[in-house]
Amino acid sequence: RCKMNEDSGSDYLAPWQLSQVVDGGGIGIIEESKHTNFTKGEFVTSFYWPWQTKAILDGNSLEKVDPQLVNGHISYFLGAIGMPGLTSLIGIQEKGHITPGSNQTMVVSGAAGACGSLAGQIGHLMGCSRVVGICGTHEKCLLLTSELGFDAAINYKKENVAEQLRKLCPAGVDVYFDNVGGDISNTVISQMNKNSHIIQCGQISQYNKDVPSSPPLPPDVEAIQKERNIARERFMVFNYKDKFESGILQLSQWFKEGKLKIKETMTNGLENMGAAFQSMMTGGNIGKQIVCISEETSLQSL
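On a predicted model such as this, the values are computed, not experimentally measured, just so you know.

Cut-offs and rules
- Residues numbered from 1 in each chain as written.
- Predicted model: local features only at pLDDT ≥ 70, side-chain atom pairs only at ≥ 80, totals over all residues.
- Heavy atoms only, no water.
- Pairing = 2+ DSSP bridges.
- Helix = DSSP H or I, 4+ residues; strand = E, 2+ residues; numbered from the N terminus.
- Axes fitted to C-alpha atoms, helices over the stretch in contact; angles between N-to-C directions.
- Parallel < 35°, antiparallel > 145°, perpendicular 65-115°, else oblique.
- Contact = heavy atoms within 4.5 Å.
- Nonpolar A, V, L, I, M, F, W, Y, C, P; charged D, E, K, R; others polar.
- Buried < 20%, exposed > 50% of the residue type's maximum accessible area, 1.4 Å probe, protein only.
- Arc of directions from axis to C-beta.
- 1 Å grid on protein atoms, 1.4 Å probe; cavity = no way out; pocket = protein on both sides within 12 Å on 5 of 7 lines; lining within 4 Å.
- Points joined across faces, edges and corners; volume = space filled by probe spheres on them.
- Core = buried A, V, L, I, M, F, W, Y, C linked by side-chain atoms within 4.5 Å.
- Domains from an automatic or database assignment.
- Phe/Tyr/Trp six-rings, centres within 6.5 Å; stacked < 30°, edge-to-face > 60°.

On the basis of which strands lie adjacent, the open sheet formed by six strands has the order S6-S5-S4-S7-S8-S9 and parallel pairing. Looking at which strands have only one partner, the edges of the open sheet turn out to be strand S6 (152–155) and strand S9 (231–234). On average, adjacent strands in this sheet sit at an angle of 15 degrees to one another, irrespective of strand direction. Bridge count between strand S7 (residues 173–178) and strand S8 (residues 192–200): five bridges; the pairing is parallel. Looking across to S8, one finds that phenylalanine 177 is bridged to isoleucine 199.

Pasting the structure below:
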């Protein structure tokens with residue numbers, strides 16, 4: 001979504017250009033290669049994969065992936081065992097300051113999405129005693145608590161978030177994995193404890209507005225943040241490339257051990273890319289939104 005702005009606010013997210021092929025995270029199979037690192041039949045991925053069924057790509061921009069890490073579920077490399085998984089894992093490791101046994105409570109907004117659905121599970125795996133998710137439908141709330149191990153979930157479209165947080169997080173909030181920004185985040189921050197931590201992963205509610213990539217808080221919420229010494233800074237996963245390899249191995253291990261449940265929403269056909277993108281923007285996806293764009297195994301991440 002950021003790439004639809006003239007200034008994406010990010011060094012690694014160049015905005016899409018008019019009359020040029022749209023791109024995004026993708027994975028495919030090599031049909032022919034003159035690059036010394038690749039041979040026919042290997043699976044490769046790139047953060048800048050064009051939305052087309054076949055493409056000639058610079059081999060230096062591609063990375064091999066090992067299907068054994070995902071038990072053959074190739075699409076997982078675009079979600080839980082890929083960038084969203086790394087964002088959730090490394091974000092929590094670097095910015096969450098979770099101490100096992102210290103009875104910490106984590107709240108996750110956008111909790112049924114690609115990062116949020118993983119972040120809550122990883123929060124538990126790393127030592128949080130309580131994880132509460134915020135999302136937009138009853139179905140998603142049920143999924144979080146019945147399948148993904150969240151202790152509770154709040155439907156922000158039907159429930160009073162402030163009241164529910166007071167009820168579900170009686171000891172306050174210690175870690176907030178923020179995917180949305182805006183009113184929901186302001187409400188969560190107002191109930192965070194002293195010296196707590198915000199993992200600012202995304203600010204989706206703000207991307208249609210002309211605001212900085214790390215939008216300022218309203219004065220009253222900013223006063224709470226400063227008074228309680230709540231750490232809040234934008235998290236950029238590409239600043240931690242040295243942790244990618246070990247992170248992928250950790251995510252893969254948790255998945256194979258059954259400790260990390262993976263959800264994704266799959267759409268077939270390049271012609272359905274636009275509809276899938278719109279659906280994701282209005283909350284139609286659970287987990288990562290994936291589009292299979294060719295019969296020869298080419299997958300596109302949204």
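Here the narrative resumes.
What follows deals with unusual backbone geometry. Phi angles above zero are rare outside glycine, and asparagine 71 is one such case at about 50 degrees. In this structure, asparagine 71 sits in the loop between strand S3 (63–64) and helix H1 (83–96). The backbone phi angle of asparagine 229 is positive, close to 55 degrees, even though this residue is not glycine. On the secondary structure map, asparagine 229 appears in the loop between helix H6 (219–227) and S9.

Packing of H1 against helix H7 (residues 244–256) leaves a shortest axis separation of 10 Å and a crossing angle of 100 degrees. Considered as vectors, H1 and H7 are oriented roughly perpendicular to each other. Of H7, the residues touching H1 (which contributes Met83, Gly85, Leu86, Leu89 and Ile90) are Phe244, Gly247, Ile248, Gln250, Leu251 and Trp254. Its residues placed into classes, the contact of H1 with H7 shows eight nonpolar, three polar and no charged.

With that settled, the discussion passes to helix H8 (residues 273–281). By the burial criterion, the buried members of H8 are Met273, Ala276, Phe277 and Met280. Taken around the axis of H8, the buried residues stretch over an arc of 100 degrees, which confines them to a single face. Positive backbone phi, at 85 degrees, marks glycine 283, one or two positions downstream of H8.

A water-sized probe rolled over the atoms picks out the places where empty space is left. Of the pockets and cavities examined, the second largest pocket occupies roughly 550 Å³. Lining the second largest pocket are 23 residues, and of these Glu31, Glu32, Ala55, Ile56 and Leu57 sit closest to its centre. Listed by contribution, the elements that provide at least two residues to the lining of the second largest pocket are strand S1 (23–29) and strand S2 (43–50). Here the residues of the lining of the second largest pocket sort into nine nonpolar, nine polar and five charged.

Another point: the nonpolar core. If you look at soluble globular proteins, the nonpolar side chains tend to sit buried side by side. Grouped together as the largest cluster of nonpolar side chains are 50 residues, with contacts concentrated most on Ile81, Ile92, Met106, Val108, Ile122, Leu144 and Leu251. Looking at this core, the elements with two or more residues in it are H1, strand S4 (105–109), helix H2 (116–125), strand S5 (130–135), helix H3 (138–146), S7 and H7. Ranked by residues supplied to this core, first place goes to H7 with five residues. If you count residues domain by domain, this core takes at least three from each of domain 1 (23–82 + 244–300) and domain 2 (98–238).

With that settled, consider the packing of aromatic side chains. As enumerated under the stated definition, the model contains eight aromatic pairs in all. Where tryptophan 16 meets phenylalanine 277, the ring centres are 6.2 Å apart and the plane angle is 55 degrees; that geometry is what we call tilted. Of this pair, tryptophan 16 sits in the segment before S1 while phenylalanine 277 sits in helix H8, and the two are 261 residues apart along the sequence. Here tryptophan 16 falls in the partly exposed class, since its relative accessible area comes to 25%. Judged by centre distance (5.4 Å) and plane angle (90 degrees), the ring pair of phenylalanine 47 and tyrosine 48 falls under edge-to-face. One aromatic cluster is present, built from ring pairs that chain together Phe47, Tyr48, Phe238 and Phe244.

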